[in-house]
Amino acid sequence: MKNHPISRRAVLAGSAAAGALSLTGIPARAEVQWKKYAGTKLEVILAKGPRGDNLQKNIKEFTELTGIQVESEQIPEQQQRQKAVIELASGKPSFDVIHLSYHVQKRQFEKGGWLADISGYMKDPNLTAPDLVESDFSAAGLQYAKNDKGQMLSLPWSVDYFILYYNKELFQKKGVAVPKTFDEMVAAAEKLTDAKEGTFGFVGRGLRNANMTLWTNFFLNYGGEFLDSKGGILTDGPEAIAATKMYQTLLTKVAPPGVAGFNWMESMASFTQGRSAMWIDGVGWAPPLEDPAASRIVGKVGYTLVPAGPKGQYSATYGDGLGIAAASKNKEAAYLLCQWAVSKAQGARLLQAGGGVPFRNSILNDPEIQKGVKMPKEWLQSVIDSAKISKLGLPVIIPVAEFRDLVGAAITSTLAGADPAAELKKAHEQFRPILERSEKA
Amino acid sequence: MSVTTQAASRAAQTEAAPERELRPPSYWPFVVPALVVVLAIIIFPWLFTIWMSLSEWKVGSPTTFVGLANYLRLPNDPRFVEAVGHTIVYTALSVLLPLIFGTLAAVVFHQKFPARGFLRGVFIMPMMATPVAIALVWTMMFHPQLGVLNYLLSLVGLPPQLWVFNPGTVIPSLVLVETWQWTPLVMLIVLGGLAAIPIEPYESAEIDGANFWQMFRYITLPLITPFLFIAGMIRMIDAVKSFDIIFAITQGGPGSASETINLYLYSVAFVYYDLGYGSAIAVVFFILIVILAAVLLYLRQRTAWTEIGGGA
């Protein structure tokens with residue numbers, strides 16, 4: 001009670017003042033009627049992870065604020081996606097609020113018409129606090145949350161930028177500078193590789209499907225665009241071939257053996273054990289890297305932007321949001337919950353623990369919140385800098401999973417020596433009909 | 001007790017006899033619950049799967065009847081064709097290896113030696129563990145840089161291997177896990193078979209001067225063959241539908257080098273949400289399993305025949 005940010009007295013004083021205002025006859029500014037839906041019960045389906053933890057841990061505060069009861073469950077990401085899609089397609093989902101992965105599900109959810117349009121709620125002062133405005137979300141967040149018609153279908157919750165993690169100790173030992181471009185990165189990785197010692201310059205995802213999130217960092221920085229104006233896929237063009245060659249060079253010449261089968265877990269293991277000097281992956285891994293129980297390189301990790309390519313410097317961006325099922329009967333109450341989950345207080349907790357990065361600039365750029373961040377300052381700086389060069393990391397199409405599997409397999413096979421251009425061509429011959437069918441249906 | 005029951009049922013029969021033509025047999029109501037369950041959880045899903053396999057059925061889109069189009073896609077789908085090959089190799093290896101090692105282990109544990117019971121207990125421990133937990137442990141053991149397996153190889157002077165991280169060695173490496181886990185099962189079955197063999201044939205063979213290998217080859221092996229078939233059948237059914245270990249260790253990778261039919265089927269149906277095509281794969285997969293099981297049953301009958309023939 002002592003730590004409660006808002007004392008009861010302040011609330012009473014505030015409401016008394018509001019009451020006095022209304023007495024004066026001046027139309028009072030409407031306030032969010034948090035208690036209006038008291039007694040409602042909400043069901044929430046979450047993907048397992050720090051976002052879900054953060055929501056569940058503090059949900060009592062929401063119930064105190066609104067009187068709304070919340071039942072939530074966390075399910076491992078892949079299974080959560082399947083369960084959600086199957087239930088939504090059935091027309092009678094068991095949940096009101098859903099945690100969705102934009103980079104995989106955006107188009108699919110829009111096409112299914114499964115999410116409620118919340119644009120109206122966002123303009124309603126009875127439902128929305130004045131600090132929650134569209135313009136506070138980063139461009140990537142709005143791109144993810146809005147459909148073609150400009151309707152908001154969800155509230156962007158947490159963004160995942162890809163950054164470069166590097167091992168400062170190994171860099172110092174070999175006298176290598178932090179790379180700013182791909183060419184410098186390859187040169188640095190070559191210097192840092194010492195196969196006899198068992199240390200390598202670079203590590204990253206090689207496993208089919210998972211590898212696409214890394215590969216697109218190269219693709220974007222070689223000037224790649226995923227789709228042409230008619231929605232045709234472009235990931236077998238010259239930019240893609242150049243990106244794949246870079247990917248192939250890094251993962252075959254200066255990466256640990258067997259990297260073709262590495263997902264983030266194996267890559268992180270290699271990096272935390274000090275056996276790889278550089279790793280490109282999502283910003284969310286700082287907590288395990290800085291945890292003495294899980295990492296041998298605590299305090300030695302450097303965080304910086306993904307190096308620039310010949311055509312620019314972008315940070316491949318992924319993210320998740322909270323949406324309301326179109327079939328839900330408690331949409332307003334559900335909206336209050338979503339709003340609370342992306343609020344400043346909740347977002348600050350998420351950022352400070354390193355469990356995610358809010359899409360809202362007012363949270364990320366608040367010096368007070370920044371002070372409380374438990375991760376190294378460099379990490380926070382890499383997040384802030386990445387936000388400025390953020391670009392969506394996967395094409396916004398329905399068959400994202402097929403895309404990641406087919407093109408991902410092609411890219412993995414280049415690690416065994418296959419020719420990038422030929423493999424990409426073959427994969428796209430298979431993928432194009434799938435894409436066409438999905439858009440047509 | 002049984003006498004009264006018999007008398008009662010006889011009485012019931014005589015009473016019911018004149019009306020038998022008019023009334024359904026009195027046991028029908030007792031069959032109905034089982035029938036309903038079987039219809040609801042086996043027959044209906046089956047028919048529904050077949051119907052789905054004849055439709056273009058993508059989650060979130062309207063369904064349309066397309067006849068055999070989904071089946072015609074199969075032979076032209078390189079991932080499916082590859083998956084069939086992977087399934088066959090994976091199954092063959094993970095039936096044969098546990099059978100060989102399980103039989104050897106059973107022969108060893110059939111001998112009497114100190115602490116046999118305790119060691120038997122230790123030997124069957126892998127069977128008790130959860131496949132997904134095992135898979136995660138093995139994933140780290142396979143790690144080419146940090147895994148304990150390469151360390152062990154280095155102790156005996158062998159070069160490090162890539163295990164599940166290389167398309168060429170991924171299936172044998174997965175079979176290694178499967179073999180490690182399921183050899184004890186084969187051992188238990190064969191051990192039961194060995195316990196049932198009478199000792200007289202061995203005594204007479206010893207008198208005739210047969211050595212250990214001859215006794216194993218001409219007495220033990222033929223007598224435990226029926227048990228081997230049972231073990232083989234159980235292993236085959238398990239191996240064909242194996243999912244957990246492969247999914248947790250490689251997710252079908254690297255590339256699609258360890259993608260079996262089951263994994264591909266899962267991707268198509270629950271990751272790509274193409275339920276129609278997924279159903280078609282399920283139907284083909286089912287037919288494949290039926291054929292395999294039929295072949296094994298046939299072989300089992302053949303060996304039973306030769307047993308009698310040999311004995312006569």
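Counting starts from 1 at the beginning of each chain's written sequence and moves along it residue by residue. Whichever chain is written first becomes A and whichever ligand is written first becomes 1, with later ones labelled in order. Selection of residues for local features in this predicted model requires a pLDDT of at least 70, selection of side-chain atom pairs for listing and counting requires 80 or more, and totals for whole chains, interfaces and linings are taken over all residues.

Peer 1: Quick question: what am I supposed to make of the overall build of chain B here?
Peer 2: Here a helix means four or more residues in a row that DSSP labels H or I, a strand means two or more in a row labelled E, and each is numbered from the N terminus. What chain B contains, in helices and strands, is 14 helices and two strands. Three classes are used. A residue is buried when 20 or more other C-beta atoms lie within 10 Å of its own, exposed when 12 or fewer do, and partly exposed in between, with C-beta atoms placed from the backbone. The 312 residues of chain B split such that 31% are buried. Restricting the contact set of chain B to residue pairs at least 6 apart, pairs at least 24 apart contribute 70%. Remark: residues whose backbone-derived C-beta atoms lie within 7 Å of one another are considered to be in contact.

Peer 1: Teacher, can you tell me more about the overall build of chain A here?
Peer 2: A count of helical and extended segments in chain A gives 19 helices and ten strands. Here the globule rule is a power law, 2.2 Å times the number of residues to the power 0.38, and the radius of gyration is based on C-alpha atoms. Computed over C-alpha atoms, the radius of gyration of chain A comes to 23 Å, within 12% of the 22 Å expected from 2.2 N^0.38 for 441 residues, which places it in the range of a compact globule. Within chain A, the proportion of its 441 residues that are buried is 50%. For chain A, contacts bridging at least 24 residues in sequence account for 74% of all contacts bridging at least 6.

Peer 1: Could you clarify how one ought to interpret the confidence of the model for chain A in this entry?
Peer 2: A low pLDDT score tells you not to read the predicted coordinates there in detail. The pLDDT value expresses, per residue, how confident the predictor is, ranging between 0 and 100. On average, residues of chain A score 89 in pLDDT, and 93% of them reach the 70 mark or higher. Scored below 50 in pLDDT, residues 14–28 of chain A shows four contacts in the model against residues more than four places distant or in partner chains.

Peer 1: Help me understand the packing of helix α9 (residues 170–196) of chain B against helix α11 (residues 212–240) of chain B in this model?
Peer 2: Axes are the key here: two packed helices are described by the angle between their axes and the distance separating the axes. All names here are of chain B. Across the interface, α9 lies against α11 with an axial gap of 9 Å and an inter-helix angle of 155 degrees. Classified by the interaxial angle, the pair formed by α9 and α11 is roughly antiparallel. α9 and α11 meet at a crossing whose hand is right-handed. Mapping the contact onto sequence places E178, W182, V186, I189, V190, G192, G193 and L194 in α9 and I224, F227, L228, I230, A231, R235 and A239 in α11. Amino acid classes used here: Ala, Val, Leu, Ile, Met, Phe, Trp, Tyr, Cys and Pro are nonpolar; Asp, Glu, Lys and Arg are charged; the rest, including Gly, are polar. A class-by-class count of the residues in the contact of α9 with α11 yields eleven nonpolar, two polar and two charged. Convention adopted: a line fitted to C-alpha atoms gives each axis, helices being fitted over their contacting stretch, and angles between N-to-C directions are expressed from 0 to 180 degrees. Roughly parallel covers angles under 35 degrees, roughly antiparallel covers those over 145, roughly perpendicular covers 65 to 115, and oblique covers all other angles. By convention, the crossing between two helices is left-handed when the near helix turns anticlockwise from the far helix through less than a right angle, and right-handed when the turn is clockwise.

Peer 1: Can you help me understand unusual backbone geometry in this one?
Peer 2: Outside of glycine, negative phi angles account for most residues, and trans bonds account for most peptide bonds. The phi angle at N209(A) is positive, at roughly 80 degrees, despite the residue not being glycine. Turning to its location among the elements, N209(A) is positioned in the loop between β5 (200–203) and α9 (212–221). Since 23 C-beta atoms lie within 10 Å of it, N209(A) is described here as buried. Positive phi, close to 50 degrees, is recorded for W163(B), a residue that is not glycine. Examined against the element boundaries, W163(B) turns out to sit in the loop between α8 (148–155) and α9. Exposure remark for W163(B): the 25 C-beta atoms within 10 Å place this residue in the buried category.

Peer 1: Would you explain the interface of chain B and chain A in this entry?
Peer 2: Often, the extent of an interface is quoted as the loss of accessible area upon association of its parts. The partner chain A presents 31 residues to the 25 residues of chain B that form the contact. With three residues, helix α13 (residues 261–271) of chain B is the largest single contributor of residues to the side of chain B that touches chain A. Looking at the side of chain B that touches chain A, its residues break down into 13 nonpolar, eleven polar and one charged.

Peer 1: What exactly am I supposed to notice about the nonpolar core here?
Peer 2: The nonpolar side chains of a soluble globular protein tend to be buried with one another. One finds V97(A), L337(A), C338(A) and I281(B) to be the most contacted residues of the largest nonpolar core, which totals 185 residues. Apart from the residues within four sequence positions on either side, V97(A) is in contact with L42(A), V44(A), L322(A), I324(A), A334(A), L337(A) and C338(A). We define a nonpolar core as a collection of buried residues of the types Ala, Val, Leu, Ile, Met, Phe, Trp, Tyr and Cys that are connected via C-beta atoms lying within 7 Å of each other.

Peer 1: I would appreciate a short explanation of the domain arrangement of chain B in the present structure.
Peer 2: Residue ranges assigned to the domains are those given by an automatic or database domain assignment. Per the domain assignment, the segments of chain B are domain 1 (2–53) and domain 2 (71–311). Residues belonging to the side of domain 1 of chain B that touches domain 2 of chain B are distributed by class as follows: two nonpolar, two polar and no charged.

Peer 1: Just to check I follow, could you spell out the pairing of strand β2 (residues 69–75) of chain A for this structure?
Peer 2: Residues and elements named next belong to chain A. If DSSP finds at least two bridges between two strands, the strands pair. Sheet topology places strand β1 (residues 41–47) next to β2; seven bridges connect them, and they run parallel. Bridged to I45 within β2 is E73. With its strands directed away from the observer, a crossover is right-handed exactly when the path from the first strand over the helix to the second travels clockwise. Running through helix α2 (residues 50–66), the crossover from β1 to the neighbouring parallel element β2 is right-handed.

Peer 1: Explain the domain arrangement of chain A to me, please; I cannot follow it from the model alone.
Peer 2: Residues and elements named next belong to chain A. According to the domain assignment, chain A consists of domain 1 (32–159 + 318–388) and domain 2 (161–316 + 392–440). Distance from the C-alpha centre of domain 1 to the C-alpha centre of domain 2: 28 Å. Across the boundary between the two partners, domain 1 contributes 23 residues, which contact 21 residues of domain 2. The set of elements that each furnish at least two residues to the side of domain 1 that touches domain 2 consists of α4 (102–112), α6 (139–145) and α17 (377–388). With seven residues, the top contributor of residues to the side of domain 1 that touches domain 2 is α17.

Peer 1: Mind showing me how you'd approach the environment of G284(A) here?
Peer 2: All names here are of chain A. Inspection of the secondary structure assignment puts G284 in the loop between β6 (276–282) and α12 (286–289). Exposure remark for G284: the 19 C-beta atoms within 10 Å place this residue in the partly exposed category. When the C-alpha positions of G284 and G274 are compared, they lie 19 Å apart, and in sequence the two are ten residues distant. Each residue touching G284, except ones within four places of it in the same chain, is listed here: D160 and G356.

Peer 1: Just to check I follow, could you spell out the environment of V268(B) for this structure?
Peer 2: All names here are of chain B. Checked against the element boundaries, V268 lands in helix α13. For V268, a count of 24 C-beta atoms within 10 Å corresponds to the buried category. The spacing of V268 and P29 is 239 residues in sequence and 42 Å in space, taken between C-alpha atoms. In this structure V268 touches D274, Y277, G278 and I281, once residues within four positions along its chain are discounted.

Peer 1: Help me understand the pairing of strand β4 (residues 154–167) of chain A in this model?
Peer 2: Residue and element names in this part refer to chain A. Taking burial as the measure, the 14 residues of β4 include 14 buried ones, the bulk of the element. Inspection of the sheet shows β4 paired to strand β9 (residues 357–358) by two bridges, in the antiparallel sense. Paired with V159 across the bridge in β9 is V357. With five bridges connecting them, β4 and β6 associate as antiparallel partners. Across the sheet, residue Y165 finds its bridge partner in β6, namely W279.

Peer 1: I tried to follow the environment of N221(A) on my own but got confused; where do I start?
Peer 2: Residues and elements named next belong to chain A. Looking at where N221 falls in the secondary structure, it is placed in helix α9. For the pair N221 and S315, spaced 94 residues apart in sequence, the C-alpha to C-alpha distance is 8.6 Å. Contact partners of N221, with chain neighbours within four places excluded, come to F182, A308, G309, K311, G312, Q313 and Y314.

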